[in-house]
Amino acid sequence: MGESVIRVRDLYKIYRVGNNKVRALNGVDFEIEKGEFCCIVGTSGSGKSTLLNMMAGLEKPTKGQIVIAGEHIEKKSESQLVLFRQAHVGFIFQSYNLLPNMTALENVAMPLTFQGVDKQIRELRAKRMLKLVGLEKYSKHRPGQMSGGQQQRVGIARALVVEPEIVFADEPTGNLDSNTTMEVLQLIRKIVHEKGQTMVMVTHDNYLASFGDRVIHIRDGKILRIDDNRGKSMEERLGNGGNEMGGTLDGATLEMLDAAKTTGVSNTAVAAEISNALNVPATAEAAEISNIPGVPKVPQTQASPSGLWEEVAAAQKASDDK
C-alpha cells in the first residue's frame, strides 16, 4: 500500500431542516494514496459533493477527521484553510469559473498572484501550462472567444499551475459533449499521472468514474463499496459497474472481446460493442482510452456493433490461413 495523502475517518455531516436531521454524510471512512486518480460516484443527493467540500475545507464536518497532506483540516480556521488551499490544492469546476474580462493567460496566472509570485515568472508558468493543455495559441483569447472544451482546458491549467499536491474536480465534464468529455478526461488523467499528483473527481456517471484508479461508490451518505481498478483492463472495469450503468457485458460480448484481442480487431469496433451492451456513447476517444490489452492501435474502422462479428470472423480466417 502506498503513502496516504487523504485520510477520512468516521465523517458525518448533519443538517437541520426544521425539526428534522438530514444526514448528508453518515460515517464515512476511506484513504486515498499519493498519485491516485480517485473517483467518487453517486446520484444526486448521495452526498458526493458534500464529501468533496469537506475534503477541500469548504464545509465543516459535524463529526470526524479529515487529514490532508498530513494536516487535520477539520481543526483549521477559515483563514488557515485559505492558506492551506493556496499551498496544497487545485480546483477544476464544472462551470469553468473563468473571469470573462481576462485572457486565458491571465486566468491561468491568477492563482500565482495570490501566492505573491513575480509577474514575469507568473506569465512564464502560465504559458507553460497552456502549452501542456494544447492552448498555447489561445493565450490572448478571452473565455467568450473559446469553446466549452477549450475553457475547461484553461480551467485545468489554472488548477495545475500552482503545482498542487491534490486536485479536486467537481463534475469537470458536466457541461461538455461526449467527444469533448473523453478528450478532457484523457488529458486530466495524463497530466495527473505524469506529475504524480493526486486527483479526486466527483461524478454521477459510472462510465466516467470507471476510468479512475479507484472508485468510491456513495449512496445516502454512506460508502457502498470501493473498486480498485489498478491493473484491470477496461472491460473488467466496465463489468464492475455494469448493473449501475444499465447493462452488463454478457458472455457473447466477452467472447467477442477475447476474439478481438487475438485477431487485432480495431478498438473502435470493440468500443462500439461495449457501448451497445452498456448503453453509453461510443466514440473514437473512448476506444483509444480503453487501451484493451493485446489489441494493436490500428487505423479506426467504421464497423458498427452489428457488423463486429463479421470483422472478427474475417480476421480469424485470415489468421488461420497464414
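No experiment lies behind these values; they were computed from the predicted model shown.

It is worth spelling out the pattern of salt bridges at this point. For the coordinates displayed, the defined rule picks out ten salt bridges. Salt-bridge contacts for R230 lead to D228; the nearest nitrogen and oxygen are separated by 2.8 Å. What makes D228 partly exposed here is its relative accessible area of 33%. Three or more residues joined by partner-sharing salt bridges are found here, namely E33, E36, R214, D228 and R230.

The residue K13 is located in strand β1 (residues 4-17) in this model. Although K13 lies buried, it forms no salt bridge, and the closest oppositely charged side chain, E59, sits 4.4 Å away as judged by the N-O distance. Every residue in contact with K13, bar those within four places of it in the chain, is listed here: V22, R23, A24, L25, T50, M54, E59, K60, P61 and T62.

Right, let's get into the environment of F168. Inspection of the secondary structure puts F168 in strand β7 (residues 166-170). With relative accessibility at 1%, the residue F168 sits in the buried group. Counting along the chain gives 34 residues from F168 to V202, while the straight-line C-alpha distance between them is 8.1 Å. Among all residues touching F168, those that are not within four sequence positions of it are I6, L52, M55, A56, V89, G90, F91, I92 and V200.

Parameters at a glance
- In this convention, every chain numbers its residues from 1, walking through the sequence in written order.
- For a predicted model such as this one, the threshold for reporting local features is a pLDDT of at least 70, and the threshold for listing and counting side-chain atom pairs is 80 or more; totals across whole chains, interfaces and linings nevertheless cover every residue.
- To obtain the side-chain values, all non-hydrogen atoms of the structure were included, while hydrogens and water were left out.
- We count a salt bridge whenever a side-chain nitrogen from Lys or Arg sits within 4 Å of a carboxyl oxygen from Asp or Glu.
- Residue exposure (1.4 Å probe, protein chains only): buried if accessible area is under 20% of the type maximum, exposed if over 50%, otherwise partly exposed.
- Comment: elements are numbered from the N terminus, with helices defined as DSSP H or I runs of at least four residues and strands as E runs of at least two.
- We treat Lys and Arg as the positive residues and Asp and Glu as the negative residues; His and chain ends play no part in the count.
- Any two residues having at least one pair of non-hydrogen atoms within 4.5 Å are treated as being in contact.

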